[in-house]
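# Chains, contacts and geometry: an overview
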Amino acid sequence: MSAEQILFWVFAAATVGSALGVVVLKNPISSAMSLVATFFFLAAIYVLLWAHTVAALQVLVYAGAIMVLFLFVIMLLSLNEVGSAIQLSFSRVLGAVATAGLLAALVIAFRKLPAGDLAWANDPARVAAFGSIKEVGAVLYTQWLFPFEAVSLLLLVAMVGAVVVAKSRI
Amino acid sequence: MPFQAIPTPHYLMLAAALFCIGMLGVLVRRNALVVFMCIELMLNAANLTFLAFARDRGDVTGHISAFFIIAVAAAEAAVGLAIVIAVFRSRGTVNIEEIQTMKH
């Protein structure tokens, strides 16, 4: 087993385990901390996929900014008391069955995919450049410049909207 | 292939597992904040799929898609949490079973 395979299985198991923690843990703060752990493990998986730039963004934006926002809201609403246990109900059982069905369908579909020979990776120069900030930035600021600017407008609208919705009186 | 890389379907199955865990949380949990966290999990599963195919094809455009998903998730979290605060202020609860004024 190569080092990459060991790292993949360790981080994949940690990702799935901490993601299950988000769903299973009763205390919302525990769920949020479990989600932070999931984001960090996922960033490690992204590095294994040679996506270093996105991995750094994942830690900065998700584990940093978004999770701080979540924790602020949880503490603002003082929801840290433990809620009631999850009771079985018809809709919940139905939801679990639907999820299991979707997972089974996806696994069956993905098993039929060819493994992919990664033929392009035989060129060491391309592998070294792939996913670096230089290459991602070059594509982002030339080919995808307009969507990039549109996203900045979207963030502005979301910011104004969040203030308008959350403020009791303007 | 000059080295032993993890095949792409492994990453896709991890993304499928992550998406299904998020979907289970959305369907089973009743706390609106936890439901939001599970939506973030599903968005991350989509990101993982994009990055897996980006490496498979040697095309960095998948990284751009992941970048945009992260930006949209940040906007979604800001607006969603503002709505949760507004609902909590008017109803005093974030349990989505007790918020059913719009239920037909």
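Residues numbered from 1 in each chain as written. Chains lettered and ligands numbered in written order. Predicted model: local features only at pLDDT ≥ 70, side-chain atom pairs only at ≥ 80, totals over all residues.

Attention now moves to the overall build of chain B. The helix and strand inventory of chain B stands at three helices and zero strands. Listing each helix as α and each strand as β along chain B from the N terminus yields α-α-α. Here the C-alpha radius of gyration of chain B, 18 Å, is well above what a compact globule of 104 residues would show, namely 13 Å. Once the C-alpha set of chain B is aligned to its principal axes, its extents read approximately 60 × 25 × 20 Å. (Helix = DSSP H or I, 4+ residues; strand = E, 2+ residues; numbered from the N terminus. Rg over C-alpha atoms; globule rule 2.2 N^0.38 Å.)

Here we come to the overall build of chain A. Along the backbone of chain A there are seven helices and zero strands. Ordered by position from N to C terminus, the α and β elements of chain A give α-α-α-α-α-α-α. Here chain A has a C-alpha radius of gyration of 21 Å; the compact-globule value for 170 residues is 15 Å, and the former is much larger. In terms of principal-axis extent, the alpha carbons of chain A reach across some 55 × 45 × 25 Å. A total of 170 residues make up chain A; the buried ones form 24% of that total. In chain A, the proportion of contacts linking residues at least 24 apart, taken out of those at least 6 apart, comes to 55%. (Buried ≥ 20, exposed ≤ 12 C-beta atoms within 10 Å, placed from the backbone. Contact = placed C-beta atoms within 7 Å.)

Each side of the interface is counted separately: chain A has 75 residues, and chain B has 63 residues. Looking at the side of chain A that touches chain B, the elements with two or more residues in it are α1 (3-24), α2 (28-48), α3 (52-76), α4 (90-111), α6 (133-142) and α7 (145-166) of chain A. The dominant element in the side of chain A that touches chain B, judged by the number of residues it contributes, is α3 of chain A, at eleven residues. Taken together, the residues of the side of chain A that touches chain B break down into 55 nonpolar, 14 polar and six charged. (Nonpolar A, V, L, I, M, F, W, Y, C, P; charged D, E, K, R; others polar.)

Moving on: unusual backbone geometry. Residue and element names in this part refer to chain A. Positive phi values are uncommon outside glycine, yet W50 reaches one of about 65°. Tracing the sequence through the fold places W50 in the loop between α2 and α3. Judged by local crowding, W50 falls into the buried class, with 22 C-beta atoms found within 10 Å.

Turning to the environment of A44 of chain A, a few remarks are in order. Within the fold, A44 of chain A resides in helix α2. With 32 residues separating them in the primary sequence, A44 of chain A and A12 of chain A have C-alpha atoms 9.4 Å apart.

Take the packing of α3 of chain A against helix α3 (residues 61-91) of chain B next. At a minimum axis distance of 11 Å, the contact between α3 of chain A and α3 of chain B shows a crossing angle of 5°. Between α3 of chain A and α3 of chain B, the angle falls in the class roughly parallel. Across the interface between the two elements, T53, V54, L57, V61, Y62, A65, I66, L69 and V73 of chain A of α3 of chain A pack against H63, A66, F67, I70, A73, A74, A77, A78, L81, V84 and I85 of chain B of α3 of chain B. (Axes fitted to C-alpha atoms, helices over the stretch in contact; angles between N-to-C directions. Parallel < 35°, antiparallel > 145°, perpendicular 65-115°, else oblique.)

The tendency in soluble globular proteins is for nonpolar side chains to be buried as a group. Counting residues in hydrophobic clusters, the biggest one holds 72 residues, and the most contacted among them are Y46 of chain A together with A15, L18, L33, M37, L48 and L51 of chain B. Among the elements of the structure, α1, α2, α3, α6 and α7 of chain A together with α1 (8-28), α2 (32-57) and α3 of chain B are those that each provide at least two residues to this core. No other element matches α2 of chain B, which puts 14 residues into this core. Taken domain by domain, the makeup of this core includes at least three residues from each of domain 1 (1-83) and domain 2 (122-170) of chain A. The contacts of M37 of chain B, once residues within four sequence positions are left out, are V22, S31, A32, L35 and F70 of chain A. (Core = buried A, V, L, I, M, F, W, Y, C linked by C-beta atoms within 7 Å. Domains from an automatic or database assignment.)

Two numbers describe how α3 of chain A lies on α2 of chain B: the axes approach to 12 Å, and their chain directions differ by 175°. By the angle class used here, α3 of chain A and α2 of chain B are roughly antiparallel. Seen from α3 of chain A, the contacting residues are V54, I66, F70, V73 and I74 of chain A; seen from α2 of chain B, they are L33, M37, E40 and L51 of chain B. Of the residues that constitute the contact of α3 of chain A with α2 of chain B, the class distribution is eight nonpolar, no polar and one charged.

A separate point is the domain arrangement of chain A. Residues and elements named next belong to chain A. One can read the domain layout of chain A as domain 1 (1-83) and domain 2 (122-170). Between the C-alpha centres of domain 1 and domain 2 there is a distance of 21 Å. Of the residues lining the interface, four residues belong to domain 1; the matching set on domain 2 comes to five residues.

The next thing to look at is the environment of A19 of chain A. As for its placement among the helices and strands, A19 of chain A is situated in helix α1. Placed 18 residues apart in sequence, A19 of chain A and A37 of chain A show a C-alpha to C-alpha distance of 8.4 Å. Ignoring any residue separated from it by four or fewer positions in sequence, one finds A19 of chain A in contact with T38 of chain A together with L18, I21 and L41 of chain B.

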